[in-house]
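What the coordinates show
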Amino acid sequence: MSYEAIKFIHVLLLVFWLGTDVGVLLLARRFRDASLSVETRLTLLQMAMVIDTLPRICFIVMLPAGVHLANAGGLLDVGAPGMAGLWLLAALLLTVNMAAVKNIGTPLGARLQRLNWSGLGITGLLLMAIGLVSLVNGAPLTVSWLAAKIVVYGLVYWLAIGIDWLFLPLGRLTGELAEKGSSEEIEAGITRTVDKTMWAVLAVYASTLAAAYICITKINF
């Protein structure tokens, strides 16, 4: 595959990641509106969860796609075994991530979520470590802007964990809303949970755009 084709795919991943995630953000904020019927609000949340599938896929696939792009541009020299390993890692992370979302609210879902967070957390730490070591020593990544981008992207993995963790109480609150109807206590919990999660979401947007800016401008550090 040519460099231009890989670059086009990389851009599409960013567009569909952030673009569809904005839709999830808006639906989640609308879900807080207590003036809407419970049925309408539950439908909005269900739509948000369905749409959220695409940004989750793009986020995880971005890593092997980005390494492909760096390889094609001569910035990295990762052989076929290394690339196969990266794609396998992405497949495993994505499988666990999707399974955790599908089984949310169940004991299996809780175990899968812990496994998901462990995988994302370890991957994020490795990326940040590689980037920071490269910024200090000039190796294994010899290009400083690429190293800086890797550090920021590793941080995104941890922010993604933060989003899921902050959003967890909404599962219980949504169940109570569906069973008991609206109340001041439930509405306060929903508003608090959504508002806290929004800060982590905005941090992901800022970090992702910062990584993209570093890549486009190729700032030296």
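Residues numbered from 1 in each chain as written. Predicted model: local features only at pLDDT ≥ 70, side-chain atom pairs only at ≥ 80, totals over all residues. Heavy atoms only, no water.

1. Section: the nonpolar core
In terms of nonpolar packing, the biggest core is built from 53 residues, with Trp17, Phe59, Leu63, Tyr153, Tyr157, Leu170 and Ile190 touching the most fellow members. The element contributing the most residues to this core is helix H6 (residues 144-167), with 14 residues. Among the nonpolar cores identified, the runner-up in size contains five residues, and Val24, Leu27, Leu36 and Leu44 belong to it. (Core = buried A, V, L, I, M, F, W, Y, C linked by side-chain atoms within 4.5 Å. Buried < 20%, exposed > 50% of the residue type's maximum accessible area, 1.4 Å probe, protein only. Helix = DSSP H or I, 4+ residues; strand = E, 2+ residues; numbered from the N terminus.)

2. Considering the packing of aromatic side chains
Counted according to the given criterion, the structure contains five aromatic pairs. A ring pair is formed by Trp17 and Tyr153, whose centres lie 6.4 Å apart and whose planes are at 80 degrees; its orientation type is edge-to-face. With Trp17 in helix H1 (residues 3-31) and Tyr153 in helix H6, this residue pair connects regions lying 136 residues apart in the sequence. The interplanar angle of 55 degrees and the centroid separation of 4.7 Å between the aromatic rings of Phe59 and Tyr157 together place this pair among those described as tilted. Here Phe59 is found in helix H3 (residues 53-72), whereas its partner Tyr157 is found in helix H6, with 98 residues between them in sequence. (Phe/Tyr/Trp six-rings, centres within 6.5 Å; stacked < 30°, edge-to-face > 60°.)

3. A word on H6
With 24 residues, H6 extends 35 Å between its outermost C-alpha atoms, agreeing within 8% with the 34 Å of an ideal straight helix rising 1.5 Å per residue. Taken across its 24 residues, H6 has 19 buried, putting it largely inside the fold. (Expected span 1.5 Å × (residues − 1).)

4. Some points on the pattern of salt bridges
Per the stated rule, a full pass over the model turns up six salt bridges. Two residues, Arg41 and Glu187, come together in a salt bridge whose shortest N-O distance is 2.7 Å. Of the two residues, Arg41 sits in helix H2 (residues 38-51) while Glu187 sits in helix H8 (residues 184-217), which places them 146 residues apart along the sequence. Classification of Arg41 by relative accessible area gives buried; the value is 0%. Across the salt bridge formed by Arg56 and Asp164, the nearest N and O atoms sit 2.9 Å from each other. Highlighted residues: Arg56 in helix H3 and Asp164 in helix H6, separated in sequence by 108 residues. The same class applies to Arg56 and to Asp164, which are both buried. (Salt bridge = Lys/Arg side-chain N within 4 Å of Asp/Glu carboxyl O.)

5. Observations concerning unusual backbone geometry
Omega for the peptide link from Ala139 to Pro140 comes to 10 degrees, which places this bond in the cis form. With respect to the helices, strands and loops of the structure, Pro140 is situated in the loop between helix H5 (107-137) and H6.

6. Some details on the side chain of Thr174
Topologically, Thr174 is positioned in helix H7 (residues 169-180). Once residues lying within four places of it in the same chain are set aside, the contact partners of Thr174 are Phe31, Leu42 and Leu45. (Contact = heavy atoms within 4.5 Å.)

7. Some words on the environment of Leu44
Note on placement: Leu44 falls in helix H2. The sequence separation of Leu44 and Ala210 amounts to 166 residues, and the corresponding C-alpha distance is 30 Å. Once residues within four sequence positions are removed from consideration, Leu44 is found in contact with Leu27, Arg30, Phe31 and Leu36.

8. Some thoughts on the environment of Met83
Here Met83 lies in helix H4 (residues 80-102). For Met83, a relative accessible area of 7% gives the class buried. In this structure the C-alpha to C-alpha distance between Met83 and Asn116, which are 33 residues apart in sequence, comes to 21 Å. Other than its neighbours up to four places away in sequence, Met83 contacts Pro64, Val67, His68, Asn71 and Val78.

9. Description of the environment of Ser2
Along the chain, Ser2 falls in the segment before H1. In the structure, Ser2 is positioned 67 residues away from Leu69 in sequence and 9.3 Å away in space, judged by C-alpha atoms. Within the local environment of Ser2, its side chain forms a polar contact with the backbone nitrogen of Ala5, the two atoms lying 3.2 Å apart. (Polar contact = N/O pair within 3.5 Å; in protein donor to acceptor, adjacent residues only side chain to side chain.)

10. Observations concerning the side chain of Thr123
Structurally, Thr123 is set in helix H5. Since its relative accessible area comes to 8%, Thr123 is described here as buried. If near-sequence neighbours (up to four positions away) are discounted, Thr123 is found in contact with Leu63, Leu89, Leu93 and Tyr157.

11. Side note on the confidence of the model for the protein chain
Per-residue confidence for the protein chain averages 93 on the pLDDT scale, and 100% of its residues sit at or above 70. Here H7 is the element of the protein chain with the lowest mean pLDDT, 90, and H6 is the one with the highest, 95. (pLDDT = per-residue confidence, 0-100.)

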